[in-house]
Amino acid sequence: MTQPSPDLLDTVATIAEQAGRAIMEVYGTDFAVEAKADESPITAADRRANAVIHAGLEALPAGRPILSEEARAVPWEVRRHWKEYWLVDPLDGTKEFIQRNGQFTVNISLVRGGRPLLGVVHVPATGVTYGGIVGKCAWRRRPGETAEPIRVRPLGSGPVRVVGSRSHRGPDLDGYLERLGAYEMVPMGSSLKFCVVAEGEADVYPRLGPTSEWDTAAAEAVLVAAGGQVVSSSGQPLAYNKGPDLLNPWFIASADPARDWTAYLP
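Presented here is an overview of the structure given in this document.

The rules behind these values
- Residues numbered from 1 in each chain as written.
- Predicted model: local features only at pLDDT ≥ 70, side-chain atom pairs only at ≥ 80, totals over all residues.
- Heavy atoms only, no water.
- Helix = DSSP H or I, 4+ residues; strand = E, 2+ residues; numbered from the N terminus.
- Buried < 20%, exposed > 50% of the residue type's maximum accessible area, 1.4 Å probe, protein only.
- Salt bridge = Lys/Arg side-chain N within 4 Å of Asp/Glu carboxyl O.
- Phe/Tyr/Trp six-rings, centres within 6.5 Å; stacked < 30°, edge-to-face > 60°.
- Core = buried A, V, L, I, M, F, W, Y, C linked by side-chain atoms within 4.5 Å.
- Contact = heavy atoms within 4.5 Å.
- Pairing = 2+ DSSP bridges.
- Axes fitted to C-alpha atoms, helices over the stretch in contact; angles between N-to-C directions.
- Polar contact = N/O pair within 3.5 Å; in protein donor to acceptor, adjacent residues only side chain to side chain.

## Remarks on unusual backbone geometry
Link 1 in the chain: Its identity as a non-glycine residue notwithstanding, serine 190 has a phi of 60°, on the positive side.
Link 2 in the chain: Assignment of secondary structure puts serine 190 in the loop between strand 11 (183–188) and helix 6 (192–198).
Link 3 in the chain: In this model, asparagine 241 sits at a positive phi of 55°, which is unusual for a non-glycine residue.
Link 4 in the chain: Within the fold, asparagine 241 resides in the loop between strand 13 (229–232) and strand 14 (251–254).
Link 5 in the chain: What makes asparagine 241 buried here is its relative accessible area of 11%.

## Things to note about the pattern of salt bridges
Should their charged atoms come close, side chains of opposite charge can pair.
Link 1 in the chain: A full pass over the atoms with the stated rule returns 15 salt bridges.
Link 2 in the chain: Where arginine 47 meets glutamate 34, a salt bridge forms, and the shortest distance between an N and an O atom there is 3.2 Å. Placement of the pair is arginine 47 in helix 2 (residues 44–58) and glutamate 34 in strand 1 (residues 34–35), with a sequence separation of 13 residues.
Link 3 in the chain: On the basis of relative accessibility, which here comes to 40%, the residue arginine 47 falls in the partly exposed class.
Link 4 in the chain: With a relative accessible area of 40%, glutamate 34 lands in the partly exposed category.

## Description of the packing of aromatic side chains
Link 1 in the chain: Tallied over the full model, the rule gives nine aromatic pairs.
Link 2 in the chain: Judged by centre distance (5.3 Å) and plane angle (45°), the rings of tryptophan 82 and tyrosine 85 are tilted.
Link 3 in the chain: With relative accessibility at 17%, the residue tryptophan 82 sits in the buried group.
Link 4 in the chain: Among the residues examined, tyrosine 85 registers a relative accessible area of 2% and is labelled buried.
Link 5 in the chain: With a centroid separation of 5.9 Å and an interplanar angle of 85°, the aromatic rings of tyrosine 176 and tyrosine 264 are classed as edge-to-face. Taken as a pair, tyrosine 176 in helix 5 (residues 171–180) and tyrosine 264 in the segment after strand 14 lie far apart in primary sequence, 88 residues in all.
Link 6 in the chain: Residue class for tyrosine 176 comes out buried when judged on its relative accessible area of 0%.

## Digging into the nonpolar core
Link 1 in the chain: Counting 39 residues, the largest nonpolar core has Leu87, Tyr130, Phe194 and Leu223 as its most contacted members.
Link 2 in the chain: Those elements giving two or more residues to this core turn out to be strand 4 (84–92), strand 6 (115–123), strand 7 (128–133), strand 11, helix 6, helix 7 (213–225) and strand 14.
Link 3 in the chain: Aside from chain neighbours lying at most four places away, what touches leucine 87 is Leu67, Asn107, Ile108, Ser109, Val111, Glu213, Trp214, Ala217 and Tyr240.
Link 4 in the chain: Core analysis: the second largest hydrophobic core is formed by 29 residues, Ala16, Ala19, Phe31 and Val88 among them.

## What about the sheet that holds strand 3 (residues 66–68)?
Link 1 in the chain: The mixed open sheet is built from seven strands, whose spatial order is 3-4-5-6-7-8-9. Sheet topology places strand 3 and strand 9 (148–149) at the edges, where each strand pairs with a single neighbour.
Link 2 in the chain: With seven bridges joining them, strand 4 and strand 5 (residues 105–112) adopt antiparallel strand pairing. Each residue of the ladder has a partner; that of tryptophan 86, found in strand 5, is leucine 110.
Link 3 in the chain: Seen against the sheet, helix 2 touches strand 3, strand 4 and strand 5 and runs at an angle of roughly 155° to strand 4.
Link 4 in the chain: Along the sheet face, helix 7 touches strand 4, strand 5, strand 6, strand 7 and strand 8 (137–141) and points at about 100° away from the line of strand 6.

## Overview of the environment of threonine 29
Link 1 in the chain: Turning to its location among the elements, threonine 29 is positioned in the loop between helix 1 (6–27) and strand 1.
Link 2 in the chain: The partly exposed category is assigned to threonine 29, whose relative accessible area is 35%.
Link 3 in the chain: Each C-alpha atom, one on threonine 29 and one on serine 212, is 28 Å from the other, the two residues being 183 residues apart in sequence.
Link 4 in the chain: A polar atom in the side chain of threonine 29 sits 2.6 Å from the backbone oxygen of valine 26.

Just geometry here; none of it tells us what the structure is for.
Encoded structure:
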């Protein structure tokens, strides 16, 4: 199968940006917060963005199936036959959205053979969009500007620049950072953490806690396209659509592969 085209990436970016505008229409209102079955929060913004994305992707000619956080009831017996599909998180960082700190994203990825091949991460609050096709290109586009290439940075001689979650911290991460040595912490929400590494503003994002496949796929594609890598705690690439369970293992997203970032794990 051929690689996705830059035109497809642009189309998906446009869909993500349309979803971002739907999110921002809710952002400035006194919106209600409900709880899903797993007790995670959901708002009208999640639902509106999901509807926009589904309509946009379903209009594309290839007719690929869609797996979304907000419409995820697709049985494994159906999904196991998928060779290629769209993996979507319409609003990644709902907690950040509720807190109105701007650090939430729209994530759309094309997954093929269990690996993210194309990814778009859009930041509705700033209008910035990141896009990537693994093996082909990675870019960042600011509002009103043309897309500019992005690339991870080599590890320097100073403190390691670590990007971490605003909402999730625990003793495992604290221990990792202790073993890492001199570091600077950059708190960040949602899949933006991957993008900060991809654009050369951080060195590593260790995630020693639960995530789901739709949380990571799009941003992983951007980071890998920019020269970075994402590996599980065992050092293996993350696998997608691997079974009934859609949870990821612990992972480390990093820029410079010259350092073994798994060496500091407990």
